[in-house]
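The lines below spell out each chain.
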Amino acid sequence: MITVKSDGRLFVLDTSKTTYAFRLMESGHLEHLYYGRKIRLDSDDGLFEQNEFAPGNTSVYSPENSKFSMEDIRLEVSTIGKGDLREPALELVNPDGSMTSDFVYESHDVSKGKTRDEDFPGSYGEDADVLKVYLKDKENALSLILIYSVFEECDVITRSCELINNGDGDVVIERIMSTQLDFDAGDYSFVTFNGAWAGEMNKNVQKAGSVKLVNSSSGGASSNNANPFVMLGRGAFDEDYGEVYGINLIYSGNHYTCVEKSPFGKVRLVSGINPQGFKWNLSKGESFRSPEAVMTYSASGCNTMSHGMHDFINGHVISGEWKDRLRPVLLNSWEAAYFNISESKLMRLARRAKKAGIELFVMDDGWFKGRNDDTSSLGDWTPDPKKLPHGIKGICDKIRRLGLDFGIWVEPEMVNENSDLFRTHPEWAMKIPGKPHSTGRNQMLLDLTRVEVQDYIIDAMSSVFSSAEISYVKWDYNRNFTDVYSTSLPFWKQGEVAHRYILGLYRVMNTLTKKFPHILFEGCASGGNRFDLGILSYFPQIWASDDTDAYQRAVIQNGYSYGYPQSCYTCHISDVPNHQSLRRTPLDTRFNVALFGNTGYECNLCDLPKEEFEEVKRQIEFIKANRKLMQFGRLWRVRSFDDDPYTGSSSGYGRTLSWTVSSKDGSEAMSLIMQSLATPNQSRDVLYVRGLIDDAKYRIENRTNTYDLRGFGGLVNYVAPFHVRQDGFIHNVIARFYKMPSEKESHEMYGDAMMYAGVHIKPRFASLGYNENTRYYPDFGSRIYKIEKAG
């Protein structure tokens with residue numbers, strides 16, 4: 001709800017549990033007053049800062065407003081030139097070369113309902129309340145519109161702005177932030193999610209102090225180095241305690257978020273397009289819109305903050321036919337075949353997939369003409385007749401006759417130098433003419449600032465997607481920007497290339513998703529190099545990481561869960577040794593971790609031992625029975641490896657991770673507990689469930705399994721009547737015919753008892769003996785528990 005009080009001088013934005021407020025100062029500027037838990041306001045009395053003398057050697061705004069300095073005021077939007085020395089929201093070069101901007105209030109309006117623009121991603125919602133505040137530059141012919149959208153039920157407020165040039169001369173935008181938050185002096189921590197290829201979304205916490213803290217990307221995409229989602233915590237906070245703000249951008253390009261503490265203790269956060277490499281020329285009558293920033297607040301820790309963000313993304317960012325649909329269980333061919341695919345090999349894999357219960361078969365990279373490695377053929381989207389003698393339609397029809405849907409991999413934004421496309425249109429590649437070019441994965445970017453390149457991609461992909469009954473598309477993007485340049489733009493507009501590329505990408509994605517609404521599109525960028533709300537505005541899910549190792553994936557998925565719902569990240573069960581880490585993790589752990597997302601498989605089902613194949617069949621049955629809960633339930637982080645106080649060794653591994661997904665009505669839940677490295681003489685675990693109804697009674701049971709006797713190695717001789725040589729013939733024969741059953745756990749407890757006293761589950765093996773009531777729990781062991789209302 002948006003209310004304007006005090007004769008139009010106080011603006012109050014309320015959600016279900018939060019309040020955001022700012023006021024109109026006598027000088028005409030907007031002073032930020034408050035953002036936090038919901039409070040009652042009928043005036044600004046006591047909320048604004050009282051000033052009599054400007055601090056020290058700071059600059060005063062004007063002789064008529066000499067009691068304060070812009071450097072020590074909480075502002076809604078900050079510029080340079082009028083005394084505020086902190087991070088600005090706007091940096092402009094005026095037609096006369098000056099850089100001072102001074103935006104003051106002109107008017108405002110409030111409306112109901114928000115629709116998404118055709119050419120730029122953003123939130124939508126017919127129940128959203130929208131406030132537009134119109135500002136004008138006192139000395140330059142510029143207008144600035146601040147746009148606030150309130151999504152009451154999600155506790156989310158979004159912000160963006162639009163700059164309009166009303167004058168005759170060109171204006172250069174060097175910085176335009178989407179949001180600015182100014183806070184009173186306090187103890188704040190900046191939480192970012194950083195990493196690299198195959199190691200995304202590691203949580204980092206840094207105290208806001210005397211130096212600026214920056215989370216940014218500059219490689220053309222939102223990046224796996226620094227995801228655009230960040231948090232700001234005040235004082236002490238954890239998953240279920242304390243004050244936490246979550247901030248994200250609906251944008252897929254270079255982004256920038258900075259937190260700084262002023263000399264007077266105030267803390268400022270700005271977030272928007274990265275100013276590095278950005279420069280936009282705004283001519284007479286033109287306007288520029290910033291991406292939309294998303295803000296939420298929780299007074300009760302990170303889990304509640306995440307729930308608001310998850311609800312917002314599922315309800316007001318993701319759209320289309322797949323928005324609320326259960327996602328299919330797929331098998332991707334990549335780790336089973338890599339580039340070495342053929343119709344016969346794929347059909348063998350597909351037949352095995354059908355027997356396992358797979359619903360969707362995906363043909364990954366290597367299907368198009370001449371594509372035998374990553375050095376050639378990107379841009380030439382025709383099937384290789386040697387690999388697919390009957391084309392895409394031929395293999396698609398065969399797979400569909402098996403009862404499977406068919407999906408395909410593409411990387412439309414790229415081109416290899418060794419390709420027909422590059423030989424025909426070398427000017428379409430993004431490179432600096434006459435200078436050497438730095439490639440990534442042996443490929444170059446197509447210049448999506450060009451409309452003709454956008455049209456080529458739309459036409460080429462339309463041809464592929466309509467060539468057969470395709471149900472799914474994996475859209476990849478495997479390199480960062482280098483040598484950023486477009487021959488279609490004059491030299492003074494080269495600072496626009498990176499942003500214009502993203503605008504071109506959005507046009508392509510918007511066109512294709514509307515043309516093929518039945519296709520389930522999945523974004524990918526070497527995993528999580530472009531995992532952001534801009535992509536999710538068009539594609540309902542994104543491949544979280546190329547790393548399918550269960551331990552690393554648990555860390556990665558834990559990181560994503562802070563800002564993104566599990567319905568939008570995909571998680572695959574792969575072979576061991578893992579292809580990225582060479583780590584061996586138990587099959588049930590690989591499944592248990594992948595279950596907490598959109599679950600699929602990326603392994604060679606044809607080569608699986610019989611007992612493992614039978615276990616995969618049971619896994620898929622379990623996925624299908626529980627995927628509504630797992631994909632669209634409420635995810636709770638209970639414990640994380642990085643916050644476990646006991647490591648059990650000097651390895652640096654935290655010992656325990658635990659998640660719960662509960663139904664929103666509290667009728668059922670699924671909990672995971674996982675360890676990293678096993679520790680001798682440590683057998684106890686307490687499982688704390690979340691999201692239940694206090695006074696409802698529940699039954700909790702573990703998912704049972706069987707285990708290979710060889711996991712105990714030579715310890716089998718403690719019970720064997722004769723000596724068994726480890727890994728010898730007799731050992732293997734026994735293991736073939738005898739499987740160790742897992743423990744069986746079953747309890748009936750009230751919801752509040754499960755959540756606050758915890759469920760004391762059966763002890764794990766800790767070098768002190770083993771029987772049917774002991775958990776077989778090696779390195780990276782795990783269990784999942786199903787919780788349902790009793791009776």
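Residues numbered from 1 in each chain as written. Predicted model: local features only at pLDDT ≥ 70, side-chain atom pairs only at ≥ 80, totals over all residues. Heavy atoms only, no water.

Peer 1: Lay out the overall build of the chain in plain terms, naming residues and giving numbers.
Peer 2: When helices and strands are tallied, the chain shows 13 helices and 40 strands. Its C-alpha atoms give the chain a radius of gyration of 28 Å, near enough to 28 Å, the size a compact globule of 791 residues would have. Referenced to the eigenvectors of the C-alpha coordinate spread, the extents of the chain come out at roughly 100 × 65 × 45 Å. Within the chain, the proportion of its 791 residues that are buried is 61%. Carbon and sulfur atoms make up 50% of the accessible area of the chain, which amounts to about 29800 Å² in all. (Helix = DSSP H or I, 4+ residues; strand = E, 2+ residues; numbered from the N terminus. Rg over C-alpha atoms; globule rule 2.2 N^0.38 Å. Buried < 20%, exposed > 50% of the residue type's maximum accessible area, 1.4 Å probe, protein only. Areas by Shrake-Rupley, 256 points an atom, 1.4 Å probe, with all protein chains shown as cover.)

Peer 1: Lay out the environment of Gly83 in plain terms, naming residues and giving numbers.
Peer 2: Following the sequence through the fold, Gly83 ends up in the loop between strand 4 (30-37) and strand 5 (90-93). Distance from Gly83 to Ile164, taken between C-alpha atoms, is 24 Å for residues 81 residues apart in sequence. Gly83 has contacts with Ser59, Ser69, Met70 and Glu71, leaving out every residue within four places of it along the chain. (Contact = heavy atoms within 4.5 Å.)

Peer 1: If you had to explain a negative patch on the surface to someone new, which residues and values would you point to?
Peer 2: A surface patch of negative charge is lined by Glu126, Asp127, Glu152 and Glu153. Checked against the element boundaries, Glu152 lands in the loop between strand 8 (142-151) and strand 9 (156-165). (Patch = residues over 30% accessible without salt bridge, like charges linked within 9 Å, V, L, I, M, F, W, Y side chains within 5 Å. Salt bridge = Lys/Arg side-chain N within 4 Å of Asp/Glu carboxyl O. Lys, Arg positive; Asp, Glu negative; His and termini not counted. Charge placed at Lys NZ, Arg CZ, Asp CG, Glu CD.)

Peer 1: Tell me about the sheet that holds strand 4, and name the residues and values.
Peer 2: Within the open sheet, the 4 strands sit side by side as 1-2-3-4. Their pairing is antiparallel. The strands lining the two open edges of the sheet, one partner per strand, are strand 1 (2-5) and strand 4. Averaged over all pairs of adjacent strands, the angle between strand axes in this sheet comes to 15 degrees, irrespective of strand direction. With 7 bridges joining them, strand 3 (residues 18-24) and strand 4 adopt antiparallel strand pairing. The partner of Thr18 across the bridge, within strand 4, is Arg37. (Pairing = 2+ DSSP bridges. Axes fitted to C-alpha atoms, helices over the stretch in contact; angles between N-to-C directions.)

Peer 1: Describe the nonpolar core, naming the residues involved and giving the relevant values.
Peer 2: With 186 residues, the main nonpolar core has Trp367, Trp381, Phe465, Tyr601 and Leu605 as its most contacted residues. Each residue touching Tyr601, except ones within four places of it in the same chain, is listed here: Val329, Leu330, Leu331, Asn332, Ile358, His572, Ile573, Phe591, Val616, Gln619, Ile620 and Ile623. (Core = buried A, V, L, I, M, F, W, Y, C linked by side-chain atoms within 4.5 Å.)

Peer 1: Tell me what's going on with the sheet that holds strand 33 (residues 668-675), and back it up with residues and numbers.
Peer 2: Across the sheet, 6 strands lie side by side as 31-32-33-40-35-38; this open sheet has antiparallel pairing. One side of each edge strand has no neighbouring strand; the edge strands of this open sheet are strand 31 (634-639) and strand 38 (746-750). In this sheet, neighbouring strand axes are inclined to one another by 20 degrees on average, regardless of whether the strands run parallel or antiparallel. Pairing analysis gives 7 bridges linking strand 33 to strand 40 (residues 782-789), with the strands arranged antiparallel. Across the sheet, residue Ser671 finds its bridge partner in strand 40, namely Tyr785. Packing against the sheet, helix 11 (residues 610-632) makes contact with strand 31, strand 32 (656-662), strand 33 and strand 40, and its axis sits at approximately 95 degrees to strand 33.

Peer 1: Tell me about the packing of aromatic side chains, residues and numbers included.
Peer 2: The tally for this structure, following the rule as stated, stands at 45 aromatic pairs. When the ring of Phe120 is compared with that of Tyr506, the centres are 6.1 Å apart and the planes differ by 75 degrees; the resulting orientation is edge-to-face. Placement of the pair is Phe120 in the loop between strand 6 (103-114) and strand 7 (125-137) and Tyr506 in helix 7 (residues 497-515), with a sequence separation of 386 residues. With respect to burial, Phe120 and Tyr506 carry one shared label: buried. In this structure an aromatic cluster arises from ring pairing among Phe11, Tyr20, Phe22, Tyr35, Tyr105, Tyr148, Phe183, Tyr188, Tyr245 and Tyr297. The side chain of Arg325 reaches across the aromatic face of Trp322, ending 3.7 Å from its centre. The ring of Tyr777 carries the charged tip of Arg775 above its face, separated from the ring centre by 4.6 Å. (Phe/Tyr/Trp six-rings, centres within 6.5 Å; stacked < 30°, edge-to-face > 60°. Lys NZ or Arg CZ within 6 Å of the ring centre and 35° of its normal.)

Peer 1: Run through the pairing of strand 8, naming residues and quoting values.
Peer 2: Counting buried positions along strand 8 yields 10 of 10 residues, so the element is predominantly enclosed. Residues Leu142, Leu144, Leu146, Tyr148 and Val150 of strand 8 are buried on one face, and the alternating residues Ser143, Ile145, Ile147, Ser149 and Phe151, pointing to the opposite face, are buried as well. Both strand 7 and strand 8 contribute to a ladder of 8 bridges, which runs antiparallel. Bridging across to strand 8, Lys132 finds its partner in Ile147. Counting the residues that bridge the hairpin from strand 7 to strand 8 gives 4 residues. In the sheet, strand 8 pairs with strand 9 via 10 bridges, with the strands oriented antiparallel. Each residue of the ladder has a partner; that of Ile145, found in strand 9, is Glu162.

Peer 1: Can you explain a nonpolar patch on the surface? Please cite residues and give values.
Peer 2: Judged by side-chain polarity, Phe722, Phe729, Ile730, Val733 and Phe737 come together as a nonpolar surface patch covering roughly 560 Å² of accessible area. Positionally, Ile730 belongs in helix 12 (residues 729-737).

Peer 1: Describe unusual backbone geometry, with residues and values.
Peer 2: A cis amide bond links Val576 to the next residue, Pro577, at an omega of -5 degrees. On the secondary structure map, Pro577 appears in the loop between strand 29 (569-574) and helix 10 (587-594). Not every positive phi belongs to a glycine, and Asn442 is a case in point at roughly 60 degrees. When its relative accessible area of 40% is taken as the criterion, Asn442 is described as partly exposed.

Peer 1: Tell me about the state of the cysteines, and please be specific about residues and values.
Peer 2: The final tally for this structure, using the stated rule, is 0 disulfides. For Cys161, which is in no disulfide, the shortest distance to another cysteine sulfur is to Cys258 and amounts to 17 Å. Residue classification places Cys161 among the buried residues on the basis of a relative accessible area of 5%. No disulfide involves Cys302; its sulfur sits 18 Å from that of Cys568, the nearest cysteine. Take Cys302: its relative accessible area is 3%, and that puts it in the buried class. (Disulfide = S-S within 2.5 Å.)

Peer 1: So what about the confidence of the model for the chain? Which residues, and what values?
Peer 2: Across the chain, pLDDT averages 95, with 98% of residues at or above 70. The low-confidence segment residues 644-653, where pLDDT is below 50, has 19 contacts with residues more than four positions distant or belonging to other chains. (pLDDT = per-residue confidence, 0-100.)

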